[in-house]
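Residue-level structure breakdown
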Amino acid sequence: MGNWMVMPYYGDTYGGKLKLQHGLKKTGAEQTLGEFLTFAEGRRTTLSEFVALLGKSPRPKAAVSSKADFSDGPPCLQRMAAEGFPLDGRKRALFMMAIYFRRCDQSGWKERLEEANRKFFNPPLPSDEVVGVTNSVGKKKYEYTCKEEPMKSHCDSVMCRMRTFGVGGGGNFPVFDRLVIHRGDETLWTVTIGGETITLTSDEVYEQKVFNKRCLAKIGKCFHLMKPNAWTDFLCQAAATTTAIDETKGVGEKEQFHELLEEFLTNRAKGERLEDVLSGRPFEDADEGRHWFQLRALQRYLRQESDKFRHKSRSKIAAFIRGHGGDTQNKKIGGKTVRLFWVPTSRLQKMPEIDAPPIKGDGL
């Protein structure tokens, strides 16, 4: 007998000893957590039904021949079919099943309802009650009675909207095959729907109408709108299985500022003396181990070289400088007190001097 088990989607490799565990589709692709739960719940069975599959059940074949696992319908019916329908509210549950059967099997729904009554209810409801439900549902199309018990206590409105015979017609709502969040200066979401991938900002994901427009423009798909709370629940459920990628390593604002500052101080025309900072050129004092410069000269360079830093305030740039170990100090130049900034030379690397490539041929 085994003494341990690995839960899929647990998110641990046990120190690299195992791969991350996922459910697999028939194609070999990984199932999302929502797909796996639907798949697993739809295949749960009772001990008696399992024994019947082995040909040892004393129950009549008709009692176990129903295909009603409700895996393409309301999750509340699927859960109650697996766990057992409560005695209180069986007629309301039968009414709910009648609506489902009529949607998925217009020709044989009445027979399937009678069969489900025998299969799921112990004891079954009287035949006159079943006939009453059949006559009522046969007269017009009803919506699911989700707000009534016992369905209410077993409801999963987000999952129900994504099923073929669920609330609202099922496949009219998006199903995320994969969701990846890229965390950086601007958070981006990569969403895969039906094998098609689209990249969205957080605002585009959160605003359902904007999300729909982007999907229509990018992958040619459009979906029905959920109620705001239902859309929020849907996103929360999808985010629970999100793969997060940190995009800030080496490309964040601090790293970009460091590259630009290094370029400004070491790879441009430099001053020969401290007075040259007044003309916009940085000066390196080897004795002090500092690069001296005016903030406005650095600001002008940043505006020319980077859209990201074009509108940064002086206080923000000063904060970046201090983050690199620098500071500000008043210096007297030509009898005038000038406010200058400095950073340690030890925090920067000079650009390497590269020899000119050899000239091929005879030259000039």
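Summarised in this report is the structure supplied together with it.

Conventions used here
- Residues numbered from 1 in each chain as written.
- Predicted model: local features only at pLDDT ≥ 70, side-chain atom pairs only at ≥ 80, totals over all residues.
- Heavy atoms only, no water.
- Helix = DSSP H or I, 4+ residues; strand = E, 2+ residues; numbered from the N terminus.
- Contact = heavy atoms within 4.5 Å.
- Areas by Shrake-Rupley, 256 points an atom, 1.4 Å probe, with all protein chains shown as cover.
- Patch = residues over 30% accessible without salt bridge, like charges linked within 9 Å, V, L, I, M, F, W, Y side chains within 5 Å.
- Salt bridge = Lys/Arg side-chain N within 4 Å of Asp/Glu carboxyl O.
- Buried < 20%, exposed > 50% of the residue type's maximum accessible area, 1.4 Å probe, protein only.
- Pairing = 2+ DSSP bridges.
- Axes fitted to C-alpha atoms, helices over the stretch in contact; angles between N-to-C directions.
- 1 Å grid on protein atoms, 1.4 Å probe; cavity = no way out; pocket = protein on both sides within 12 Å on 5 of 7 lines; lining within 4 Å.
- Points joined across faces, edges and corners; volume = space filled by probe spheres on them.
- Nonpolar A, V, L, I, M, F, W, Y, C, P; charged D, E, K, R; others polar.
- Parallel < 35°, antiparallel > 145°, perpendicular 65-115°, else oblique.
- Lys, Arg positive; Asp, Glu negative; His and termini not counted.
- Charge placed at Lys NZ, Arg CZ, Asp CG, Glu CD.
- Phe/Tyr/Trp six-rings, centres within 6.5 Å; stacked < 30°, edge-to-face > 60°.

1. A look at the overall build of the protein
Broken down by element type, the protein carries 14 helices and eight strands. Of the contacts made within the protein by residues no fewer than 6 positions apart, 54% connect residues no fewer than 24 positions apart. Entry remark: accessible area of the protein is about 22700 Å², with carbon and sulfur atoms responsible for 51%.

2. Side note on a nonpolar patch on the surface
Together, Leu47, Phe50, Leu53 and Leu54 line one region of the surface with nonpolar side chains, adding up to about 490 Å² of accessible area. For Phe50, the location among the structural elements is in helix α2 (residues 47-53). Taking the relative accessible area as the measure of exposure, Phe50 reaches 44% and is therefore partly exposed.

3. Some details on helix α4 (residues 75-83)
Restricting attention to buried positions, one finds in α4 the residues Pro75, Cys76, Leu77, Gln78, Met80 and Ala81. In the segment just after α4, Gly84 is the residue with positive phi, at about 110°.

4. Comments concerning the sheet that holds strand β6 (residues 290-293)
Spatial strand order, β5-β6-β8-β7: four strands in an open sheet with antiparallel pairing. Single-partner strands in this sheet number two, and they are β5 (283-285) and β7 (327-333). For this sheet, the mean inter-axis angle between neighbouring strands, taken without regard to orientation, is 40°. In this structure, β5 lies alongside β6, joined through three bridges in antiparallel fashion. Along β6, the bridge assignment pairs Asp285 with Arg290. Those strands touched by helix α14 (residues 314-323) are β6, β7 and β8 (336-344), and its axis lies near 50° from that of β8.

5. What to know about the pairing of β6
Hairpin geometry of β5 and β6 is characterised by an intervening segment of four residues between the two adjacent antiparallel strands and by a positive phi of about 70° at Gly289. Bridge count between β6 and β8: four bridges; the pairing is antiparallel. Opposite Arg290, over in β8, you have Pro344 as the bridge partner.

6. Details of the layout of surface pockets
Considered as a void within the structure, the largest pocket measures approximately 1100 Å³ in volume. In this structure, the largest pocket is lined by 40 residues; those nearest its centre are Gln31, Thr32, Leu33, Gly34 and Glu35. Residue assignment for the lining of the largest pocket shows that the elements contributing at least two residues are α1 (33-41), α4, β1 (178-183) and α11 (228-239). A per-element tally of the lining of the largest pocket places α1 first, with seven residues. Grouping the amino acids of the lining of the largest pocket by side-chain chemistry returns 17 nonpolar, 12 polar and 11 charged.

7. Some thoughts on the pairing of β8
Across seven bridges, the pairing between β7 and β8 is antiparallel. By the bridge assignment for β8, Ile333 is matched with Lys336. Here β7 folds back onto β8 in antiparallel fashion, the turn holding two residues, of which Gly334 has a positive phi close to 60°.

8. Some points on the packing of helix α13 (residues 295-305) against α14
The N-to-C vectors of α13 and α14 enclose an angle of 100°; their axes lie 11 Å apart at closest approach. Considering the angle they form, α13 stands roughly perpendicular to α14. Contacts between α13 and α14 involve Leu295, Arg296, Leu298, Gln299 and Leu302 from the former and Arg314, Ile317 and Ile321 from the latter. Here the contact of α13 with α14 is built from residues that sort into five nonpolar, one polar and two charged.

9. Some remarks on unusual backbone geometry
The omega torsion of the bond from Asn122 to Pro123 falls at 0°, within 30 degrees of zero and hence cis. Within the secondary structure layout, Pro123 lies in the loop between α6 (109-120) and α7 (127-139).

10. Digging into a positive patch on the surface
A cluster of basic residues, Arg268, Arg296, Arg300, Arg303, Arg314 and Lys336, forms a positive patch at the surface. Tallying contributions element by element places α13 first for the positive patch, with three residues. Mapped onto the elements, Arg314 comes out in helix α14.

11. Topic: the packing of aromatic side chains
Considering all chains together, one arrives at 16 aromatic pairs under this definition. A centroid spacing of 5.9 Å and a plane angle of 70° characterise the contact between Phe309 and Phe320, whose relative ring orientation is edge-to-face. With a gap of 11 residues between them, Phe309 in the loop between α13 and α14 and Phe320 in helix α14 connect regions that are remote in the sequence. Note on Phe320: relative accessible area 10%, which makes it buried.

12. Brief notes about the pattern of salt bridges
By the definition in use, this model includes eight salt bridges. Asp156 is the partner of Arg79 in a salt bridge, and the nearest nitrogen-oxygen pair spans 3.5 Å. Taken together, the residues Arg79 in helix α4 and Asp156 in the loop between α7 and α8 (157-161) connect sequence positions 77 residues apart. Its salt-bridge partner being Arg214, residue Glu204 comes within 3.2 Å of it at the nearest N-O pair. One end of the pair, Glu204, is in helix α9 (residues 202-206); the other, Arg214, is in helix α10 (residues 208-219), and 10 residues separate them in sequence. Classification of Arg214 as partly exposed rests on a relative accessible area of 26%. A network of salt bridges, in which partner residues are shared, links Arg273, Asp276 and Arg281.

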